[in-house]
Structure formats: structure tokens, C-alpha cells
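An overview of the molecular structure
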Amino acid sequence: MRAIACVSIITIAMIGAAIAEQPLIASWAMFRHDPMHTGIVPSNEQIKQLAPTIHRKQAQHRALSSNELLMLQWSYETGDDVQSSALYAYIGSYNAEVSVGSADGRLYQMDPESGTMLWSYGTGGAVISSPYYDYYSTGNDSIYFGSEDSAFYRLSGNGALKWSYLSSGPVTSSPMMYYNNISFGSEDNLLYALTSSGELQWSYETAAAIQSSPSYSFYNGNLYVGSQDNRLYGFGYGFSLMWSYETGDGITSSPAIDYNNNILIGSGDARLYKLGSVGSLLWSYETGGFVDSSAAVGSYNAAYVGSGDNRVYSIDTTNCSLLWSYETGDAIDFSSCTAPMSSYNAVVTVGSSDKRMYSFDASSLNWSYETGDKIRSSATLPDSETFIFGSDDNNIYCLKYVTPTPTPTPGPWPVFRCDERNTGYSHYRGTLAAGLRWSYKLSGAYSSFSPLVGVSDRVYMTDGAKVVVLNSNGSVAWEYATGNTIENTLATGRYGEVYALSDDNIFYALNPDGNLSWTYSIEGGGGSAPNLDKEGNVYVSSKNNALYKLNSAGAIAWSYSAGDDIRSCPAVGPSAIYIGSSDNNIYTIDLNGALSWSYATGDDISSSVVAGTHALYVGSSDNNVYALDLSGTLSWSYGTGSDITSSVAAGSRELYVASHNGRIYSLSSTGSFSWSYATGDEITSSVAAGTHSLYVGSKDDGIYALSSSGSLIWSYVTGGDVDSSPAIGSNGTIYVASRDNSLYAIYAPTATPTMTPRPTQAPTRMPTQRPESTNTPESTEAPTATPTPIPTAVVVLNDTSFGIGEQLTVIFKINEPITRMFTVYAVIIMPDRTMLDIMTLSPKIKPVATKVSGLPAGFGRQLLSINVPPGAPKGEYEIVVAFFDPNTKITVRQDAFLDVSSKFTIGQ
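Description of the structure in this document. (Residues numbered from 1 in each chain as written. Predicted model: local features only at pLDDT ≥ 70, side-chain atom pairs only at ≥ 80, totals over all residues. Heavy atoms only, no water.)

1. A short note on the overall build of the protein chain
A tally of helices and strands in the protein chain yields 1 helix and 75 strands. Buried positions account for 62% of the 908 residues belonging to the protein chain. Counting contacts in the protein chain only where the partners sit at least 6 residues apart, residues at least 24 apart contribute 53% of the total. Total accessible area on the protein chain is roughly 31000 Å²; 48% of this is exposed by carbon and sulfur atoms. (Helix = DSSP H or I, 4+ residues; strand = E, 2+ residues; numbered from the N terminus. Buried < 20%, exposed > 50% of the residue type's maximum accessible area, 1.4 Å probe, protein only. Contact = heavy atoms within 4.5 Å. Areas by Shrake-Rupley, 256 points an atom, 1.4 Å probe, with all protein chains shown as cover.)

Following this line, the structure appears as C-alpha cells:
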């Protein structure tokens, strides 16, 4: 489904007393909270001044206190993206309910405490529009919203249709009451006003689609709305057009009205504008990307807005100066936030396309919460502790501040695949630059097993017959010797306890201090890495083909025998345990130890099964990745052409898996190919996924960090094969072992670039042009020599002339070390001198890697290997690899401190 930038950014809630003496009619009754679209819950006194007849429960939003946790209260899965922002209203006999739309075409009504669906109403198109609860005039519990089926709907509080009105285009704009008429925009270019009975009262045609949501000023009774024709429109009483103001690009943002009756509006031209009530420009503020999100306006002249440059900004509205900004991991398209208005030190909550909802306290990160996909919905705040929002992973989320009973929490990577379901996904962001923090020398050849990161970021590793526990600085905390080699990865518990199966046929449980807790005799010794459920039960297999369940005291609950070795780590689901076996089968064992079903692949399974919410994912030595539903039916399979013994990393919509052919593959949850990345040799290491990046080892001696789009962020060369699977620490350190018998801790801090937006003060009503990108090197002549010595590097081609269908291979290699931080681009310059990104073969140029701390001499990487496609233009091509200082603005190719290239021709 296409993304519609119709939602907002920032919501702000004021600390103040709740209104106890008056009935609570609604607390978040419309998009952006109130008719002025401030994104603010005002105080009691402000409510009386602004609209004496409107009463709301106070959100009183605050920062997370030191004795609280942010926890998921509930989530509800719809059938598609949730970009609509939730309505929280006291409907009927003052029962609070949540209303929110989904791209599956339905409006959902939820119980806010349990997340239970009360009812849903189906339309013929995606519901991106945020619902509006009419408590002004009708008194009939009416909910208004639009749909991409071009209709606008009015429902009763129990979900019954009162009427619908058909426009001529999708309705993604959120509605607003205006002089007892309900107003909304449509992509047929019209702004509509309907009576409460659904009759057309008035319409106004702009020159392009209206996705912006209209706002209404209490001060002068005017209505404001933006259009994709680049203009903001102001309407007075009787729907008369008073003025329009032209920006430099389309307006998806909704106008916000401050307490001086001025208007804040964002534009696709990368600017936030402040206009007077008569349409005069007071100032504009330039960000580094589109401003489709709506601004929130607070007291003390502070405004908050998000940008496509990945940042949220706090701006002083009196002089257009930057108070603070914070960089997230992706564009802030359309999400909402909350903060007290008592000072500049606001608590601001905002969603990002990096899949996270963020909360900032005085510009410092208060917390973040990761979902399975982009967040383009606004957060709704019914009280001081609750956040309700949607995600493109199809879910509606309700988060809540809680003061929990103290319970131990697991470390950041406590078991082989990070969690009991074997997802391979961490909630922590791995390092985006490669540097050696420390290394630890192991004694033998068992460095193919994987490290773990437990409580206090202690690192747990097997070393021959020993369990080795290291402090986060690399010093030894303690060691424990078993009676024989430990041939698999360990497991750790919530308290720091350690579990290991040794070839002396003993399963060991060790206390956090390294003393023996208990043992259990298992014939055959080590088979799989152990795993634990939330109750502390341990699941482990051995070379005698059996899977065992032991309780936390070491007593056996049951065992199950497969037809051959079980080398895959057990996955623990809510109602079953999942394993793979060398007898080619995937097994599902219920919690009592009985077989539920099995599924046969074409070869043995060493890969660990991933227990997803709705599906299982596993690789097989028959070269395929399999997706099965929870009943054991094949959903799809994908062939890589070579054995898969590494385990899948599985998010809500994307899967990453490595193959013996040396490639990492990205697949959608439906099995479609997204991209692949080639290393220099076979891969048996499993992918570890952080919040913004992927990590994997290769038998080419390298450790690789990739972005979620498949571009190289950094690589690190060790002295041997890297069969071990990486683990991610809480501070982003990557831990992985190499066949050179060393355990590596890789981490390098990356500088955060300082934004230098430029405010404009000219009060002219001229459009501001969109700033042109200057982030990619331009095709110019070769750089002139500089006094700084440039490391020698080469771009090697397999030939200098190619015909259609012939294989073209590009390899980059350096012969002297690079000892400074860099960002590197690799492009193909076409015969007509246009450029293509070498990784994607598209005109959108992206860095191959950013903020890498250096590279060793001898580093080499294959950049491209394709057959020349039919239709490739004839003529001379040039491959350019250019290294830039990441803290220096790139304007031309000569800005590179290292620029190497190679030319070739394509003929017949």
C-alpha cells in the first residue's frame, strides 16, 4: 500500500490538575488533540479561556521516572499499516474508548485497558484519516473519518453508519468541525464542508490534492488548510477565502495555531513557516529534509517539528533560533509527541521511520520503543502514563509507565539467537563504525562457537573444556572447567547463571559467581546450544538425537527423540518447542513433550528454527529457506543455490539469512527477494540484527556490518575464518570469535554531525526553494594532488571491454592502510556522464559505508558481479570509488581524500 504523509509529528501535554468538578467528555477527540492542532493538552485555565464549553481529561505528560519501566500494555494486529492516529474519547455513559483506522479499510473501536476490539467498521479503501469525535453540537456520540474509497463517513458511538458522502478522490485528510459543519480535504483537490446530516454546504477547489488536515482558530474563527499545490489557505466566516501563501513545495503538514494566533506550517521544501493570521510571513526555518509532519506549539514560545532529515527540532518561535535537535535513525514522516509546556525542557515523544517511538527529556533520550516497521501514526496520550499509536507492522500499540515488582532482566544477547524465539534481533543499536575495543585469546580450535552478552554486559564464551566469563572491559571475571570439550554455544539466565553441555555427557548449571549449581547427565554430549523460557526451564539437545526439558532446579520434565542429531537451538514459542534435525525434519513439540507435527525438507537442518508470531522460518542444507504456518503447512520456500546452515534473523516483515555461497539475503515475510550482499567466501555465521544494521561473519576472515537496505557500513578483517555468530551488547559493541582463536569486541564511537539550519527573517511572501542535495560526489575531472599522502588503492576489472551478456566483475583493494575515519561512495559513470550507485545500479547514490574508522592494508571487496544487460548503452564507462571525510560537506569529486577509478567499454 502506498504511503500517505497525512499524519503528524509532535504532541505536547501540559502538567496540571485534572478537571474533577466537570464531566470528562473527551481527552483526545481529534487529530492533533484540539481544533488549533497544537498537539498540546492545555491546563484547566487555558481550556476555560480558549473554549469554555470543551472539557478534557488532562494528559499531564511527564518523563519516565527512575523507578518506572515503559511496558507494552497491549497490542492489536489489524490487516495492514496503521498510519491513522488514535481517537481517545469518553463515549456514551463516559466509557473511554479508542478509535483508530487501518490501511486494511476498517475503523477499529478498542477498549483502552485491555486492547479488546469492541467493534470495527469496514470501508472500501485504506483508512489513513484520523477519526474525529463530535462533542460540540450533536450530542449523539458521532465519529467522523475519511477513507481512500473516496467516501467520508459518520458513525454512531456503537459503530452504526449514520451517513456517508462520496467525494471524487481518496480522503486521507482528517476532519475538523467549522461553524457546525464538518470540514475535510480530498485528493480530488477540494476542501469540503458538510452539514451534520451529510449534505454539502460548501466546497473550495485548490490546484492539487488536499492531504493536510484543516485546523480552526478559537481566536478569530478562521479555518486553515494546506494543499499539494504548495499553498496554505486561510478561510474566514462563511467559508470565504481570505488569503493564500505559497511555499516551495507541496504541503502535507497540518497547520498549528499558537497562542498569539500565528500559524506554523511545514512544507516539502524542507522548511517550517510561521505566518501571521493575515497570511504574512514572519519567518521560515530550513531543515535538511521535507517537513510533512505537523508542528506542535508550546508555551514559552517553543515549537517542535520533525523532518525528513531524520531529526526532531525544538525551535524558539520568537526569533527562529534552534533550541535543540535530535537525530533518529530515519526520516520523521508523520508522528506525534507530548511535553510539558512549563519550560524549554519539554518531554517530547515522536515516532520515526526507523521503527521506533522516541521520548526526549530536555533533548536527551528518555526512552525508545521498537516496533516491526515504520511509525507514521501520531501518539495519543489519554493520561500521564499511556501512549497509543500505530505502526506499519499492522499493529496498534498501547505503552504504559509502570512501577514493576523488581525482577531480574536478561542480558542484551543472553542465548544463541538473542531470545527464546530465536529471532536473532536485538533491541540495541550496534556500532556503526569498526574499531577494536579489545580482544581475548582463546586456547584452542573451538572459536567457531558464538559469544553471549549477559547481565552487566558480561561476555560468555566456550574455550575448549572451559566456560570463560569476561567483564565488559575484556578482563576475566571467572572460568569454570568441565570434564571435556564444550562443542556448542552456552546459554545465560536472568540472574547471570550459565548453562553448558559438555562432551563429558554432563549438562552444567553454574551460579552467577561461577560456582556449580547443579548437573544433569545427558548421554552423547553436546548437540545444540541451550535455550530458556521465561519460567527458567531449559531446553537442550544432545548427540543421542534427543531434546530435553529441564526445570530451573535441574529435574527433567520430559525428553523427545528425533531420527538423527539435533544441532539447531530449540525455539520456544507460547505453546510449543520447535527444532530441526539431521533427519531433514522440522519438529513441533507441545509443552508436554508430545509431537504435534513434523515437516520434511530435502536435507539436514542445522539452522535454528525461528518461532515467529504467525510463522516459522528455517534454513536447510537443501539450499532453501522455508516458511511454515503454525500448523506445519508450507507457506513458501526460497532457494539460494547453496547450503544454509546459519539461522534466519526474522523481524515482522523482513528476514535475513546467509548461505554457503557467501551471500547474505534479505527476503520479505512473504518470501520475495529484496537484496543480497556478497562476501568473499562461504558463510556459516548467523546474521545478528540490531535496530538499524546487520552483522555477520564470513570465511573470508571478515566481519561485516550492513544497513537494512544491503549497503556495507563497515567490515573488519580478522586472522581466520569467522564462523561464529555475532552478539550485540547494550552499548552497541559487537562480540564475535574468529578461527584465529581470538574473541573480538568491536566498537568505535561515531561523531554526530552538527546541524546548521539557516533561519530566514525576510517578511516577503515568496516561496522558498527546496535545497538541492549536495551529499553525493559529482562527476568531475580527476582530483589534483594534495600535500596529504594518499593511500594506494586499485579498482580491478576482469576485462576492459565487454559485450552484452558477458560477465563484468569489479573488485576494490587497498595496498596501504587507511588510518582515518571515512565515508565511501562507489559509482558507475555512464557514457553520458550520469552516475549510478554501484550497489543498487540506480540513480539514487548512497554511501557504501559511513563513518568507518579505518581499513587495514590488503583489504579487498567485490563491488559488482553482473552479466551486461541487453540495452546497456555503448561507450566508455568509469568505476569510481571515492573516500570522503564524514565531517566535511561534499560538493564535488575533488573533496575526496582518496579517489581511485578504472575505465571499461561496452560494445556489441
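2. Points about unusual backbone geometry
In most cases, non-glycine residues show a negative phi, while peptide bonds are predominantly trans. Unusually for a residue other than glycine, Lys 355 sits at a positive phi of about 85°. Mapped onto the secondary structure, Lys 355 falls in the loop between β29 (347–351) and β30 (356–361). The phi dihedral of Asp 701 is positive, around 80°, even though this residue is not glycine. Among the structural elements, Asp 701 can be located in the loop between β60 (693–697) and β61 (702–707). A relative accessible area of 24% places Asp 701 in the partly exposed class.

3. Some details on the side chain of Ser 102
Following the sequence through the fold, Ser 102 ends up in the loop between β6 (95–101) and β7 (106–110). Judged by relative accessible area, which is 0%, Ser 102 ranks as buried. A polar atom in the side chain of Ser 102 sits 3.4 Å from the backbone oxygen of Asp 81. In contact with Ser 102, not counting residues within four places along its chain, are Thr 78, Gly 79, Asp 80, Asp 81, Val 82, Tyr 108, Ala 126 and Val 127. (Polar contact = N/O pair within 3.5 Å; in protein donor to acceptor, adjacent residues only side chain to side chain.)

4. Things to note about the nonpolar core
Judged by nonpolar contacts, the single largest core of 90 residues is most densely connected at Val 467, Trp 714 and Phe 883. Beyond its immediate stretch of four places on either side in the chain, Phe 883 contacts Phe 812, Ile 818, Phe 822, Thr 823, Val 824, Leu 855, Ala 896, Phe 897 and Leu 898. Counting residues in each nonpolar core, the second largest holds 38 residues, with Ile 143, Tyr 144, Met 177 and Tyr 192 among its members. (Core = buried A, V, L, I, M, F, W, Y, C linked by side-chain atoms within 4.5 Å.)

5. Looking at a nonpolar patch on the surface
A contiguous nonpolar surface patch, about 190 Å² in accessible area, is contributed by Val 794, Val 796 and Ile 811. Assignment of secondary structure puts Val 794 in strand β67 (residues 793–797). On the basis of relative accessible area, Val 794 is assigned to the partly exposed category, the value being 30%. (Patch = residues over 30% accessible without salt bridge, like charges linked within 9 Å, V, L, I, M, F, W, Y side chains within 5 Å. Salt bridge = Lys/Arg side-chain N within 4 Å of Asp/Glu carboxyl O.)

6. Some thoughts on the pairing of strand β28 (residues 321–327)
Sheet analysis places strand β27 (residues 311–316) next to β28, joined by 6 bridges and oriented antiparallel. Note on β28: the bridge partner recorded for Tyr 313 is Ser 325. Hairpin connection, β27 to β28: the antiparallel pair is bridged by 4 residues, and Cys 320 has positive phi, about 60°. (Pairing = 2+ DSSP bridges.)

7. What about the pairing of strand β22 (residues 263–266)?
As a general feature of sheets, a regular strand has side chains that alternate between the two faces. The two faces of β22 match: Ile 263 and Ile 265 on one face and Leu 264 and Gly 266 on the other face are all buried. If you look at the hairpin formed by strand β21 (residues 256–257) and β22, you'll find 5 residues sitting between the two strands, and Asn 261 has a positive phi there, around 65°. Counting the residues between successive antiparallel strands, the hairpin from β22 to strand β23 (residues 271–275) contains 4 residues, one of them, Ala 270, with a positive phi of roughly 80°.

8. Some words on the sheet that holds strand β25 (residues 296–297)
The 4 strands are arranged β25-β26-β27-β28 in an open sheet whose pairing can be described as antiparallel. A strand with exactly one partner marks an edge of an open sheet, and here the two such strands are β25 and β28. With 2 bridges connecting them, β25 and strand β26 (residues 302–306) associate as antiparallel partners. Note that in β26 the partner of Ala 296 across the bridge is Tyr 304.

9. Re the packing of aromatic side chains
All chains considered together, the criterion is met by 50 aromatic pairs. Ring plane angle 75° and centroid distance 5.1 Å describe the contact between Trp 367 and Phe 387, whose orientation is recorded as edge-to-face. On the criterion of sequence distance, the pair formed by Trp 367 in strand β31 (residues 364–370) and Phe 387 in strand β32 (residues 386–390) is long-range, its members being 20 residues apart. Here the two residues Trp 367 and Phe 387 agree in accessibility, since each one is buried. Taken together, Tyr 132, Tyr 144, Phe 152, Trp 163, Tyr 165, Phe 184 and Tyr 192 form an aromatic cluster joined through their ring pairs. (Phe/Tyr/Trp six-rings, centres within 6.5 Å; stacked < 30°, edge-to-face > 60°.)

10. Details of the sheet that holds strand β44 (residues 538–541)
In sheet architecture, strand pairing relies on hydrogen bonds along the backbone and comes in two forms, parallel and antiparallel. Taking strand neighbours across the sheet as the criterion, the 4 strands line up as β43-β44-β45-β46 in an open arrangement whose pairing is antiparallel. Both edges of this open sheet fall to β43 (531–532) and β46 (556–561), since each of them pairs with a single strand only. Across 4 bridges, β44 lies against strand β45 (residues 546–550) in antiparallel orientation. Counterpart to Tyr 539 in the pairing with β45 is Lys 549.

11. Some details on the environment of Asn 515
Tracing the backbone through its elements, the reader meets Asn 515 in the loop between β41 (506–510) and β42 (516–521). In this structure, the C-alpha to C-alpha distance between Asn 515 and Tyr 480, residues 35 residues apart in sequence, is 7.9 Å. A polar contact of 2.9 Å, which involves the side chain of Asn 515, links it to the side chain of Asp 513.

12. Points about the pattern of salt bridges
Inspection of every chain in the model, using the stated rule, returns 18 salt bridges. A salt bridge links Arg 356 to Glu 370; the shortest N-O distance between them is 3.6 Å. With Arg 356 in strand β30 and Glu 370 in strand β31, this pair connects stretches of sequence that are 14 residues apart. The residue Arg 893 makes a salt bridge to Asp 899 at a minimum N-O spacing of 2.6 Å. We note that Arg 893, like Asp 899, is buried. Within this structure, Arg 833, Glu 878, Arg 893 and Asp 899 form a network of salt bridges that share partners.

13. Observations concerning the environment of Lys 274
Along the chain, the position of Lys 274 falls in strand β23. Given a relative accessible area of 8%, Lys 274 falls into the buried group. A sequence separation of 19 residues divides Lys 274 from Pro 255, and the C-alpha atoms of the two residues are 9.8 Å apart. Beyond its immediate sequence surroundings of up to four residues, Lys 274 is in contact with Asp 258, Asn 262, Ile 263, Leu 264, Ser 280, Leu 281, Leu 282, Trp 283 and Thr 317.

14. Quick look at the environment of Thr 462
Mapped onto the elements, Thr 462 comes out in strand β36 (residues 459–463). For Thr 462, a relative accessible area of 2% corresponds to the buried category. Sequence separation between Thr 462 and Thr 489 is 27 residues; the distance between their C-alpha atoms is 6.8 Å.

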